[in-house]
Amino acid sequence: MRSRSAEPAENLLEELQAALSHGTVARRVETLRRVTDLFVGNVMDYSDDHVRVFDDVFQCLIEQIEISAKALLADRLAPIAAAPPKIIRTLALDEVIEVSGPVLSKSERLDEATLMEIARTRGQAHLKAISLRRVLSEALTDVLVTRGNEDVVQSTVNNPGAQLSEGSLADLVTRAERNDDLATCIGLRPDLPRHHYLRLVAKASLSVRRKLEAAHPELADEVSSVVQEAAQRVRAAAMTRQTEMARALVKSLHEDGRLNELQVTAFAEQGKFDETNAGLAALAGIPVETAETMMIESRTEGVMILGKVAGMSWSSVRAIIAMREKLSGGSQTDMLTLRDTYEALRSSTAQQVLRFHRMQSTTPAA
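This text gives an overview of the structure that appears in the document. (Residues numbered from 1 in each chain as written. Predicted model: local features only at pLDDT ≥ 70, side-chain atom pairs only at ≥ 80, totals over all residues. Heavy atoms only, no water.)

### Some details on the overall build of the chain
When helices and strands are counted, the chain shows 22 helices and 0 strands. Expressed as a percentage of its 366 residues, the buried residues of the chain come to 45%. Summed over all atoms, the accessible surface of the chain reaches about 19,100 Å², with 52% contributed by carbon and sulfur. (Helix = DSSP H or I, 4+ residues; strand = E, 2+ residues; numbered from the N terminus. Buried < 20%, exposed > 50% of the residue type's maximum accessible area, 1.4 Å probe, protein only. Areas by Shrake-Rupley, 256 points an atom, 1.4 Å probe, with all protein chains shown as cover.)

### Comments concerning the pattern of salt bridges
Applying the stated criterion to the full structure yields 15 salt bridges. Among the ionic pairs, glutamate 289 bridges to arginine 247, the shortest N-O distance being 3.8 Å. Placement of glutamate 289 in helix H18 (residues 288–295) and of arginine 247 in helix H15 (residues 241–255) is noted, with a sequence separation of 42 residues between them. According to the relative accessible area criterion, arginine 247 is buried, its value standing at 15%. Among the ionic pairs, arginine 339 bridges to aspartate 340, the shortest N-O distance being 3.6 Å. Overlapping salt bridges bring together Glu30, Arg33, Asp37 and Arg76 as one network. (Salt bridge = Lys/Arg side-chain N within 4 Å of Asp/Glu carboxyl O.)

### Comments concerning the nonpolar core
If you look at the biggest cluster of nonpolar residues, it comprises 42 residues, and the most contacted ones within it are Phe39, Phe58, Leu77 and Ile130. Listed by contribution, the elements that provide at least two residues to this core are helix H2 (25–42), helix H3 (48–61), helix H4 (67–77), helix H5 (85–92), helix H6 (97–106), helix H7 (112–121), helix H8 (124–131) and helix H9 (138–147). When residues no more than four places from it in sequence are discounted, the contact partners of leucine 77 are Phe39, Phe58, Ala83, Ile87, Ile88 and Leu91. Among the nonpolar cores identified, the runner-up in size contains 37 residues, and Ala310, Met312, Trp314 and Ala319 belong to it. (Core = buried A, V, L, I, M, F, W, Y, C linked by side-chain atoms within 4.5 Å. Contact = heavy atoms within 4.5 Å.)

### Describing the packing of helix H19 (residues 301–309) against helix H21 (residues 335–344)
Interhelical geometry of H19 versus H21 gives an angle of 40° and a closest axis separation of 10 Å. Classified by the angle their axes make, H19 and H21 are oblique. In the crossing of H19 with H21, the sense of the turn from one axis to the other is right-handed. Along its contact with H19, which presents Met304, Gly307 and Lys308, the element H21 presents Leu338, Thr341, Tyr342 and Glu343. (Axes fitted to C-alpha atoms, helices over the stretch in contact; angles between N-to-C directions. Parallel < 35°, antiparallel > 145°, perpendicular 65-115°, else oblique. Left-handed = near helix turned anticlockwise from the far one by under 90°.)

Written out as structure tokens, the structure reads:
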């Protein structure tokens, strides 16, 4: 049995034809309003065929009407999951943000391909609207992070539904070194991987300390101590169940005499940061926190120091460096030059550097 509420849809084309043939712009706008009311009020009763009829009606009616009428249509159709797809795409592609904005930010009817097209070609206002969507794929987020201005990037990072790829995370953490607001937004994301979080905290801590010392030079020593304690608390809070399990596994291997260079290399080749870090610390005979601090530094010297102290071959150290670059999204280093540096590095020198590093990390005023 046909729904009575759906019957008027079959007569819409006749009314549309009259409005287009003899009506003024005002009549066209009024017809658009009435058609929109009819669709929105009975959307649950319409079949796919009826929705297609409405789609054709909307497409005809929006020609040569004022922007405000289009914007109102977009605002009313955007929240409707079963909205006619062609008119949704048309509205989304409109260059006027008042028209496209509601659809870009709310419509679940809008397909990914259209969103990607708009994200790659439109301006910052359109990007900002996309950044507000309930869910953002990694592909979309990559474009927003790459093309977006500070406002767009901040909005994207603040969106809990935005899926951030490894590449975008690495880029954002690097940019956050110069932007405290961005650093805060990234640090508050519950899905931020630990290695990125620790790298972010390490850089942000230094930034905060410098600002506080500049504002209160007479309290420089106290500020340094407070910041260090805060960083230690943050590091402890960042400990995840996965990290605890990884460290427990490595500790068990080490106590049973099964942890060796080959095992740590295998962890690195599998991209297991926590296991690699804990294994390297065990072989070097240092606290895992000290190794972690050196592992997340932007330079590779820390890894080579740890590797030399642990007595590891260059091939194993190279695997760890490659893992760091992959996880951080950084540019590839010259492995031949690093190999020569590593082979020339004496174990006694590495031990001295490591002792100095540990002394600095335990001195509040350092």
